[in-house]
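An overview of the molecular structure
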Amino acid sequence: QVQLVESGGGLVQAGGSLRLSCSASGRIYGINAMGWYRQAPGNQRELVATVSNRGGVQYADSVKGRFAVSRDNAKNTVDLQMNSLKPEDTGVYYCTALVISDLTADARNYWGRGTQVTVSS
């Protein structure tokens, strides 16, 4: 199987910065897209940012210009640098990866357990 482990969440004041990291391990032949979603209380999980294995990136409109996603294909990691944080960025941030199994060659989407980000006003 595959495990995704996030780190780097916490409490920060509005205008501050945080960096989230996610590491994938297990039966991995390759990883297509990796990225981050978030879920605020009472809301649905929403896309924050994704990056393909060729470096193509996609951002939610609400984070463009403030967040930057990056990945290390050799290490199977993806990071999210979050700057100019706002209270509305508060939520649980989940790492996700579309992983190709080294056993079956099938592609399957995996999720981490999430890390809490709280931005105080």
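Here's a quick rundown of the structure. Here the structure is a predicted model, which means the values were calculated and not measured.

**Brief notes about the layout of surface pockets**
In this structure, the largest pocket spans a volume of roughly 170 Å³. Q1, V2, R27, V99, S101, L103, T104, D106, A107, R108 and Y110 are the residues that line the largest pocket. In terms of residue class, the lining of the largest pocket is built from five nonpolar, three polar and three charged.

**Things to note about the sheet that holds strand β8 (residues 77-82)**
Sheet architecture is open: four strands sit in the order β1-β3-β8-β7, paired in antiparallel fashion. Bordering the open sheet on either side are β1 (2-7) and β7 (67-72), each of which pairs with just one other strand. Here the average twist between neighbouring strands, direction ignored, is 15°. Examined bridge by bridge, strand β3 (residues 18-26) and β8 share six bridges and lie antiparallel to one another. Across the sheet, the residue bridging to S21 is D79, located in β8.

**Considerations on the state of the cysteines**
Summed over the entire model, instances satisfying the criterion amount to one disulfide. Note on cysteine connectivity: C22 is disulfide-linked to C95, with sulfurs 2.0 Å apart. On the S-S bond that ties C22 to C95, the torsion sits near -80°, and the link is left-handed. Taken together, the residues span a long stretch of sequence, with C22 in strand β3 and C95 in strand β9 (residues 91-100) at a distance of 73 residues. Judged on exposure class, the residue C22 and its partner C95 are both buried.

**Some details on the side chain of R38**
Along the chain, the position of R38 falls in strand β4 (residues 30-39). For R38, the side chain forms a polar contact with the side chain of S62, separated by 3.3 Å. In terms of polar contacts, R38 uses its side chain to reach the side chain of Y93, at 2.9 Å. If near-sequence neighbours (up to four positions away) are discounted, R38 is found in contact with Q44, R45, E46, V48, S62, V63, F67, E88, D89, V92 and Y93.

Rules used in this analysis
- Residues numbered from 1 in each chain as written.
- Predicted model: local features only at pLDDT ≥ 70, side-chain atom pairs only at ≥ 80, totals over all residues.
- Heavy atoms only, no water.
- 1 Å grid on protein atoms, 1.4 Å probe; cavity = no way out; pocket = protein on both sides within 12 Å on 5 of 7 lines; lining within 4 Å.
- Points joined across faces, edges and corners; volume = space filled by probe spheres on them.
- Nonpolar A, V, L, I, M, F, W, Y, C, P; charged D, E, K, R; others polar.
- Pairing = 2+ DSSP bridges.
- Helix = DSSP H or I, 4+ residues; strand = E, 2+ residues; numbered from the N terminus.
- Axes fitted to C-alpha atoms, helices over the stretch in contact; angles between N-to-C directions.
- Disulfide = S-S within 2.5 Å.
- Buried < 20%, exposed > 50% of the residue type's maximum accessible area, 1.4 Å probe, protein only.
- Polar contact = N/O pair within 3.5 Å; in protein donor to acceptor, adjacent residues only side chain to side chain.
- Contact = heavy atoms within 4.5 Å.

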